[in-house]
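Inside the fold
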Amino acid sequence: MLKCCTLAEQVWRGYIQRKKTKIERVKELIALGMVMDPKYLAPSPAEVSLRAAEAFTRVKQQEHEAAYQKAVVAVTNQLREMEGNNMSNTLKSQVRQWFFDSRNATGSFPDYPDEEDGGSAFIFDEKSPQQVLEEIVAKEEEDSSNKPRGKEEQKEKRKPDKKMIDELEEAGLKMHPSAFLSDLEAVDKNFNDFWRSRDETENLSQKHDVELIKEEKRKVVEEEIRVQVDDQMRQELAELKLSVDKEKGSKTKANTKKKKASKSGKKKKKEKDLTADRTLESLCQELVEQGLLKQADNVRLQDYLGDFNYLGTTLRQNDIEPMPSLSDVRQVLSLYAILPLGSPVVHEKAPLIKSILLVGPEGVGKKTLVHAVCQETGATLFDLSPLNTAGKYPGKSGLTMMIHVVFKVARLLQPSVIWIGDAEKMFYKKVPKEEKELDPKRLKKDLPKSLKLIKGEDRVLIIGTTEDPISAEIKSMCKMYNKILLIPRPDYGSRYIMWKELINQKGGEITKALDLSALAKISDGYTPGHMIKAIQSVVTERRVRQQGRRPLTAAEFVAPLARIDPVFQEQEEALKNWYAKTPLGRKRIKAATGKEEEPPPDKGKSAKKGAKKKT
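Below or above, wherever it landed, is the structure these notes cover. Quick caveat, the model's predicted, so the values are computed rather than measured. (Residues numbered from 1 in each chain as written. Predicted model: local features only at pLDDT ≥ 70, side-chain atom pairs only at ≥ 80, totals over all residues. Heavy atoms only, no water.)

Quick word on the overall build of the protein
Each helix and strand counted, the protein has 27 helices and 6 strands in total. The 615 residues of the protein split such that 32% are buried. Within the protein, residue pairs in contact and separated by at least 24 positions form 78% of the contacts whose partners lie at least 6 positions apart. Put simply, the protein shows about 41600 Å² of open surface, and 54% of that area lies on carbon and sulfur atoms. (Helix = DSSP H or I, 4+ residues; strand = E, 2+ residues; numbered from the N terminus. Buried < 20%, exposed > 50% of the residue type's maximum accessible area, 1.4 Å probe, protein only. Contact = heavy atoms within 4.5 Å. Areas by Shrake-Rupley, 256 points an atom, 1.4 Å probe, with all protein chains shown as cover.)

Now the structure itself:
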């Protein structure tokens, strides 16, 4: 009996001591700032009231926005009814006055400015009739003069100044002026000139001002009426010329006809529409049946996990160029693909990028990024991968028809993404025997030519993905793609985040028994695709139900990882060396070190030089 009591006492004391130790350990972690204090996890009363105020503000903003839109429509209609007639009469009288002032100054009635030049708005630009006529004549002379420049002028332009070259080399890299800076400066000037000094003390509810709407919409109504007045005054001017200046009027008409004919002759021929008699619905149905038009997976860019490379600066200080982090890849893809495709304003002002190549080992998430771009921008996805197009649209005419239909539908349903998986197959140095029947180089000539079909106003982007670019012709591939993004293996920080998020997504619980730091350390060289396979084999439905009694441990993931071949350092170095040979890679090396990598010498030339030296 005594032994039982002693044993029970020992068990109880051990339990109490472990509990106290656990509490003390939590307190120590809180003091060190490694764990959040539980009292800060629950929202405070001030935070709750702040969230309620934000929700109330959002509701009020929506109500004020609806009232503002109604007021805009009402004020615009009111301006058309009340001031439209006066605006029209004023414009007509001003244009008539310009007619007779120009005739008195030059002896003949002037030509009415075209709508492209601004119409009557070009007249009232605070200029005299003589100045307006001189500008019209000068512009006509510029349009008509298309003579090639002399050879001496061309040679002078080709030869850059040595002083300028020296200055550029000393200055190093310089940022080009942003295309968006002028808009930002205009908005900032408008704020400083008008809103900064405006007294809003009596407008606590922040409702719209009717007078401001009138000032803004009066310009819109004036522009609408100006277009109508221009049509009427052109007819009136033609009648005046016929009645007063018949001879000069006939000459000017003949000249204008010749100019129009010359302008029309300069226009380029439009490309032939091979499917002019077909509807967009029938073309989409055909592409879906052929498997060329697909639905993008529901993946967001934020689902592409990865952290910054915090050791990048340290590596550069030791003359080691670090690989870009997965977070860098996500950011660059947003700048090159998502923003131009998703925003017409950004696409109009940003540099035109028609094609991007994603290079990286298997499982780094290249395909995920393609689908993420489509989901973020609402883009239509087309698949022109060599393996997907094999056996479809046979023959040369069929190939021409396939490319024509894809690009036509892509422009009509823009924004659009044309995905080319296994992009290296299109530019093989030597086609493997097992792939000769598939004809992977089928699109090699026609697809680069079709890039010219993508114009500045088209939000169409070609994205290629490859894990073996070394087997392709580097020159042909670099001509095809404007930008090449090298996606590396995930580093320690990225692997830690991936294990944590992917296990949670599968239903696993992160406890102290699961050492994520050790798991991230031993998984060096493994890609996100490898991690997902290991998690799927371990975190099953049965294992999720057993977590209450037996938490997950890092040792359970070792065996599935051991059965997968990682991406070795040699493979990544081979991709880095390949990227260094591309034009973008050479520019990056030159910007980082100031020295351009020397291309390897040609064996034939070096042998001939050696033979000459011996002789």
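Text resumes after the structure shown.
Here we look at the pattern of salt bridges
All chains considered together, the criterion is met by 21 salt bridges. Between Glu9 and Arg13 there is a salt bridge, and its shortest N-O distance comes to 2.6 Å. One end of the pair, Glu9, and the other, Arg13, are both in helix α1 (residues 2–32), 4 residues apart, so they sit about a helical turn from each other. Between Arg80 and Glu224 there is a salt bridge, and its shortest N-O distance comes to 3.0 Å. Residue Arg80 is found in helix α3 (residues 45–106), and its partner Glu224 is found in helix α9 (residues 210–244); the two are separated by 144 residues along the sequence. Judged by its relative accessible area of 38%, Arg80 falls in the partly exposed class. One network of salt bridges, in which partners are shared, links Arg198, Glu200 and Asp209. (Salt bridge = Lys/Arg side-chain N within 4 Å of Asp/Glu carboxyl O.)

Focus: unusual backbone geometry
A cis amide bond links Gln414 with the next residue in sequence, Pro415, at an omega value of 5°. For Pro415, the position within the fold is in the loop between α17 (395–412) and β4 (416–420). Positive phi, close to 50°, is recorded for Tyr393, a residue that is not glycine. Tracing the chain through its elements places Tyr393 in the loop between α16 (386–389) and α17.

Regarding a positive patch on the surface
Taken together, Lys396, Lys445, Lys449 and Lys452 make up a surface patch of like positive charges. When you line up the elements, Lys452 lands in the loop between α18 (446–450) and β5 (460–466). A relative accessible area of 69% places Lys452 in the exposed class. (Patch = residues over 30% accessible without salt bridge, like charges linked within 9 Å, V, L, I, M, F, W, Y side chains within 5 Å. Lys, Arg positive; Asp, Glu negative; His and termini not counted. Charge placed at Lys NZ, Arg CZ, Asp CG, Glu CD.)

Observations concerning the nonpolar core
If you look at the biggest cluster of nonpolar residues, it comprises 47 residues, and the most contacted ones within it are Leu358, Val417, Trp499 and Phe557. Of all elements in the fold, only α13 (326–342), β2 (355–359), α15 (366–377), β4, β5, α20 (492–505), α21 (516–522) and α22 (528–538) reach the threshold of two or more residues within this core. Take this core: its biggest share by element is 6 residues, from α13. Residue contributions to this core reach at least three from each of two domains, namely domain 3 (280–486) and domain 4 (492–566). Leu283, Phe382, Val409 and Tyr579 belong to the second largest nonpolar core, which has 40 residues in total. (Core = buried A, V, L, I, M, F, W, Y, C linked by side-chain atoms within 4.5 Å. Domains from an automatic or database assignment.)

Observations concerning the packing of α13 against α15
In contact at an axis separation of 10 Å, α13 and α15 are set at 40° when each is read in the N-to-C sense. Classified by the angle their axes make, α13 and α15 are oblique. Along this stretch, α13 crosses α15, giving a crossing that reads as right-handed. When α13 is examined against α15, the residues Val329, Leu333, Ala337, Ile338, Leu341 and Gly342 are found in contact with a partner set consisting of Leu369, Val373, Glu376 and Thr377. (Axes fitted to C-alpha atoms, helices over the stretch in contact; angles between N-to-C directions. Parallel < 35°, antiparallel > 145°, perpendicular 65-115°, else oblique. Left-handed = near helix turned anticlockwise from the far one by under 90°.)

Focus: the environment of Arg278
You can see Arg278 is positioned in the loop between α10 (246–266) and α11 (280–290). You can call Arg278 partly exposed: its relative accessible area is 31%. In this view, Arg278 contacts Leu283 and Glu286; residues no more than four positions away in its chain are not counted. Looking at Arg278, its side chain comes within polar contact range of the main-chain oxygen of Ser282, at 3.4 Å. Here the side chain of Arg278 touches Glu286 through a polar contact of 2.6 Å, side chain to side chain. (Polar contact = N/O pair within 3.5 Å; in protein donor to acceptor, adjacent residues only side chain to side chain.)

Digging into the pairing of β5
Of all 7 residues that make up β5, 7 are buried, and the element is covered over most of its length. Along β5, one buried face is formed by Val460, Ile462, Gly464 and Thr466 and the opposite face, lined by Leu461, Ile463 and Thr465, is buried too. Bridge count between β2 and β5: 5 bridges; the pairing is parallel. Within β5, the position partnered with Val359 by the bridge is Thr466. (Pairing = 2+ DSSP bridges.)

Looking at α17
With 18 residues, α17 extends 26 Å from end C-alpha to end C-alpha; this agrees with the ideal 26 Å at 1.5 Å per step. Turning to α17, its buried residues are Gly398, Leu399, Met402, Ile403, His404, Val405, Val406, Phe407, Lys408, Val409 and Ala410. (Expected span 1.5 Å × (residues − 1).)

Overview of the sheet that holds strand β3 (residues 380–383)
Reading across from one edge, β1-β3-β4-β5-β2-β6 is the order of the 6 strands in this open sheet, with mixed pairing throughout. At either end of the open sheet lies a strand with only one pairing partner, and these are β1 (293–294) and β6 (483–486). Contacting β2, β4, β5 and β6, α13 runs over the sheet at an angle of about 145° to β6. Strands in contact with helix α25 (residues 569–581) are β2 and β6; relative to β6, the strand with the most contacts, it is inclined by about 160°.

Structural notes on the packing of aromatic side chains
Within this structure, the stated rule accounts for 4 aromatic pairs. The interplanar angle of 35° and the centroid separation of 5.9 Å between the aromatic rings of Trp12 and Tyr15 together place this pair among those described as tilted. Of this pair, Trp12 and Tyr15 both sit in helix α1, 3 residues apart, which is roughly one turn of the helix. (Phe/Tyr/Trp six-rings, centres within 6.5 Å; stacked < 30°, edge-to-face > 60°.)

Considerations on the packing of α20 against α22
At a closest axis distance of 11 Å, the pairing of α20 and α22 adopts a crossing angle of 35°. As for how α20 packs across α22, the hand of that crossing is right-handed. For the pair formed by α20 and α22, the contact residues are Arg495, Met498, Trp499, Leu502 and Ile503 on the first element and Pro528, Met531, Ile532, Ala534 and Ile535 on the second. Residues of the contact of α20 with α22, tallied by class, amount to 9 nonpolar, no polar and 1 charged. (Nonpolar A, V, L, I, M, F, W, Y, C, P; charged D, E, K, R; others polar.)

Some thoughts on the environment of Met477
With respect to the helices and strands, the residue Met477 is situated in helix α19 (residues 474–480). With relative accessibility at 0%, the residue Met477 sits in the buried group. Spatially, the C-alpha atom of Met477 lies 8.5 Å from that of Ala423, the residues being 54 residues apart in sequence. Setting aside its immediate chain neighbours within four residues, Met477 contacts Leu357, Ala423, Glu424, Phe427, Pro469, Ala472 and Trp578.

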